[in-house]
Amino acid sequence: MATWDPDRIENVEQLEEMLSEPTEAVIEMLRRLPGDIVILGVAGKVGPSLARMVKRASDAAGTRRRVIGVARFSRAGEEAKLKAKGIETIKADLLDPVQLEKLPDAPNVVYMAGQKFGTTGNESLTWAMNSFLPGMVCQRYRHSKLVAYSTGNVYKMKPVVAGGSRETDRPEPLGEYSMSCLGRERIIEYFSRTMKIPAALIRLNYACEMRYGVLVDMAQRVLAGEPVDVTMSCLDLIWQGDANVMTLLAFEHLASPPFVVNVVGPEILSVRQLCEEFGRLLGKKPNIVGVEAPDAGLADGGLAHRLFGYPRVSAGQIVRWTADWVKRGGESLGKPTHFEVRDGNY
Ligand SMILES: NC(=O)c1ccc[n+]([C@@H]2O[C@H](COP(=O)([O-])OP(=O)(O)OC[C@H]3O[C@@H](n4cnc5c(N)ncnc54)[C@H](OP(=O)(O)O)[C@@H]3O)[C@@H](O)[C@H]2O)c1
């Protein structure tokens, strides 16, 4: 692994290099894994760095494979950036069966298209994206292996003292977004069972990098003197580069019915403490409001850490990088996580 400055990520180019840096384990896995990889929903917050990691690891492994990213590419410039890094791109609306059918076959599929924010008032699109589309994709790619993103939101909130939810806990989603994500899991499970599709469901909890994530949200508010509500007392998160590693390593744990794994870091973090730390690093007094509730939405990453290894980057490290980035006015995607939401309405 390249040596990273503990205090600073200089710019977006360096950040993107870091997020897409594969580990030896990913390189070895991609050496063993035959065939092309299609990434559905490549143009969002996570997809570009995952696609680049696949490409870099495949090149390092000396394997020739097509890495194909599919999205509508509604964010300007994303398609050209991916192409420049050797990733093939296809502009398609996945909800259109004709366009879905025309996509190239590939033995490996990463499924990351989804809809979260804007659910309230547009519930039907969220259900179509999160619960109906997975069925269309399973039918289209019924001969492929499938690694599909899900979310820790499928769990109910639990007392913080009980620790994070485990994969064996019964999902009890709150609100239509989270319910539709459980729908995604169940539909993929159904097709995995009936069509014998080897699949994995990645329950991701708060991927973080410098341009978005719970820490960026908090740091920006502390810097601006805006209130931070601590009713959601604790949260967990993971460096997006580490989430990418774990997601890709899941290709060697596929099963029918699907293998389910939480992808999250090891720390349970106090929102109040994080704000105080950002206050110290940014020279601002945090404006903390609310009273900590006894329960929070947390997931336990023990299984992922045992199978895939510990994350390379600690939460404390991401905090320091984020404070420095936000202080310098670094680029932000302007996509708040709404981590404080407790009623499931996004
Ligand atoms: N980021 C996190 O911290 C986090 C946490 C938990 C779970 N997850 C899950 O992980 C997955 C990836 O996360 P993300 O943050 O990268 O999501 P995201 O930013 O919302 O990206 C979604 C992707 O899907 C594409 N898409 C949406 N509708 C489409 C359509 N009709 N046809 C083709 N492409 C479409 C979007 O690109 P276009 O708009 O350009 O088409 C984008 O590439 C999601 O399924 C999410 O539920 C993420």
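Predicted, not measured: the structure shown is a model, and the values here were computed from it.

1. A look at the site of the ligand
Working step 1: Taken together, 26 residues sit near the ligand, with Ala43, Gly44, Arg72, Ser74 and Asp93 positioned nearest.
Working step 2: Within the backbone of Gly41, a nitrogen or oxygen atom sits 3.2 Å from an oxygen atom of the ligand.
Working step 3: Between Ala207 and the ligand, the recorded distance is 3.0 Å, taken from a backbone N or O atom to an oxygen atom.
Working step 4: A total of 880 Å² of accessible area belongs to the ligand in isolation, and the protein chains cover 88% of it.
Working step 5: In terms of residues, the shell around the ligand owes the most to one element, strand β5 (residues 145-151), which gives 3 residues.
Working step 6: Residue composition of the shell around the ligand, by class: 16 nonpolar, 6 polar and 4 charged.

2. What to know about the side chain of Glu79
Working step 1: With respect to the helices and strands, the residue Glu79 is situated in helix α4 (residues 78-84).
Working step 2: Those residues within four positions of Glu79 in sequence are excluded, and the remaining contacts are Phe73, Thr89 and Lys91.

3. A look at the pattern of salt bridges
Working step 1: What the rule picks out here adds up to 26 salt bridges.
Working step 2: A salt bridge links Glu88 to Arg66; its shortest N-O distance comes to 2.9 Å. Of this pair, Glu88 sits in strand β3 (residues 88-91) while Arg66 sits in the loop between α3 (47-61) and β2 (67-71); the two residues are 22 residues apart in sequence, bridging distant segments of the chain.
Working step 3: For Glu292, the salt bridge is made with Arg272, and the minimal N-O distance between the two is 2.7 Å. Taken together, the residues span a long stretch of sequence, with Glu292 in the loop between β14 (287-289) and β15 (295-296) and Arg272 in helix α10 (residues 271-282) at a distance of 20 residues.
Working step 4: Since its relative accessible area comes to 30%, Arg272 is described here as partly exposed.

Rules used throughout
- Residues numbered from 1 in each chain as written.
- Predicted model: local features only at pLDDT ≥ 70, side-chain atom pairs only at ≥ 80, totals over all residues.
- Heavy atoms only, no water.
- Near = heavy atom within 4 Å.
- Polar contact = N/O pair within 3.5 Å; in protein donor to acceptor, adjacent residues only side chain to side chain.
- Areas by Shrake-Rupley, 256 points an atom, 1.4 Å probe, with all protein chains shown as cover.
- Helix = DSSP H or I, 4+ residues; strand = E, 2+ residues; numbered from the N terminus.
- Nonpolar A, V, L, I, M, F, W, Y, C, P; charged D, E, K, R; others polar.
- Contact = heavy atoms within 4.5 Å.
- Salt bridge = Lys/Arg side-chain N within 4 Å of Asp/Glu carboxyl O.
- Buried < 20%, exposed > 50% of the residue type's maximum accessible area, 1.4 Å probe, protein only.

So, to be careful, I would describe these as geometric facts and stop short of saying anything about function.
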